[in-house]
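# Descriptive structure summary
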Amino acid sequence: MRKVFNVGYRHGRLTLVERVTNDRRKSLWKCRCECGNEYIITETRLVRGAPKSCGCLEQENNTPRPDIWAVERRAFYGAKGRCTNKNEPNYQNYGARGIQFKFTSLAQWFTELGHRPAQGYAVDRINNDGHYEPGNVRWATPVQQRRNQRHKKLTAKDVIFIRKARSVGIFTKVLAKWFDVSAPYISQLTSQSSWWYV
Ligand SMILES: [Zn+2]
């Protein structure tokens with residue numbers, strides 16, 4: 001049975017406004033779309049059931065949804081790269097120092113950290129010699145990060161110097177004062193549990 005179309009008939013987002021016949025005696029409908037656009041559709045296409053909008057619906061469906069975890073995802077891959085990719089400029093301070101990336105999935109990372117609280121925050125490790133792992137990561141402000149990274153200011157040259165100085169008997173305390181780091185950290189350097197690759 002042939003479907004009958006009337007003015008006011010709704011087809012998806014389209015409402016039929018007026019029926020016209022074109023120069024080839026084809027039936028056409030002028031429609032108004034919910035988005036406000038006017039649209040011409042042939043009755044043949046209406047019978048077949050498509051399309052259901054002026055094109056706005058298809059466009060909406062093809063528009064990717066905003067990626068609400070983009071920042072956190074970038075942080076995940078950034079940290080992972082620093083720990084595992086020797087070509088990363090920062091690998092020296094992470095992977096090479098023995099810092100491991102122990103998160104096994106993005107979901108685990110998102111669950112642990114949640115959303116970045118505000119711009120300017122970055123992920124850092126609570127214990128700076130610990131790994132990227134649940135319980136040891138947080139969103140930190142630049143100030144918190146700097147405080148935490150204080151003893152990372154040392155260069156390879158400094159480390160070599162400190163080890164030499166210790167080997168000739170200069171006290172750990174003295175070296176700690178000279179380099180503005182903690183005495184236990186000097187011991188770590190000397191025993192090569194930090195900066196073992198130098
Ligand atoms: Zn539309």
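Heads up: the structure comes first, above all this text.
Now for a look at the structure at hand. Quantities reported herein were computed from a predicted structural model and do not represent experimental measurements. (Residues numbered from 1 in each chain as written. Predicted model: local features only at pLDDT ≥ 70, side-chain atom pairs only at ≥ 80, totals over all residues.)

### Some thoughts on the pairing of strand 4 (residues 38-42)
For clarity, the cut-off: The pairing criterion is simple: DSSP has to find at least two bridges between the two strands. Going along the chain from the N terminus, every DSSP run of H or I of four or more residues is numbered as a helix, and every run of E of two or more is numbered as a strand.
In this structure, strand 3 (residues 27-33) lies alongside strand 4, joined through five bridges in antiparallel fashion. Looking across to strand 4, one finds that W29 is bridged to I41. Linking two consecutive strands that pair antiparallel, namely strand 3 and strand 4, is a turn of four residues; a positive phi of about 105 degrees is found at G36 within it.

### Concerning the nonpolar core
Formally: Working definition: the nonpolar core is a set of buried Ala, Val, Leu, Ile, Met, Phe, Trp, Tyr and Cys residues, joined through C-beta atoms within 7 Å. Every C-beta atom is placed from the backbone, and the number of other C-beta atoms within 10 Å of a residue's own sets its class: buried at 20 or more, exposed at 12 or fewer, partly exposed in between. We call two residues in contact when their backbone-placed C-beta atoms lie within 7 Å.
In terms of nonpolar packing, the biggest core is built from nine residues, these being F76, A79, C83, Y94, I99, F103, W109, Y132 and V137. Top contributing element to this core by residue count: helix 3 (residues 70-84), with three residues. Excluding its chain neighbours within four sequence positions, the residues that come into contact with F76 are F103, L106 and W109. Counting seven residues, the second-largest nonpolar core is a separate cluster that includes V181, Y185, L189 and W195.

### Notes on the sheet that holds strand 2 (residues 14-21)
Taken in spatial order, the four strands line up as 1-2-3-4 in an open sheet, and their pairing is antiparallel. With partners counted over all chains shown, the strands left at the sheet margins are strand 1 (10-11) and strand 4, one partner each.

### Overview of the environment of N62
Take N62: it is sitting in helix 2 (residues 56-62). For N62, a count of 7 C-beta atoms within 10 Å puts it in the exposed group. In sequence terms N62 and R10 are 52 residues apart; their C-alpha atoms lie 23 Å from each other.

### With respect to the packing of helix 7 (residues 172-179) against helix 8 (residues 183-190)
Counted only if it meets this: As a rule, the C-alpha atoms of each element are fitted with a line to give its axis, helices using only the stretch in contact, and angles between N-to-C directions run from 0 to 180 degrees. When describing relative orientation, an angle under 35 degrees is termed roughly parallel and one over 145 degrees roughly antiparallel, while 65 to 115 degrees is termed roughly perpendicular and anything else oblique. Three classes are used, and their members are as follows: Ala, Val, Leu, Ile, Met, Phe, Trp, Tyr, Cys and Pro are nonpolar, Asp, Glu, Lys and Arg are charged, and the others, Gly among them, are polar.
Packing of helix 7 against helix 8 leaves a shortest axis separation of 8 Å and a crossing angle of 105 degrees. As far as their axial angle goes, helix 8 and helix 7 are roughly perpendicular. Taken together, the residues of helix 8 that come into contact with helix 7 (itself represented by T172, K173, L175 and A176) are A183, I186 and S187. Here the contact of helix 7 with helix 8 is built from residues that sort into four nonpolar, two polar and one charged.

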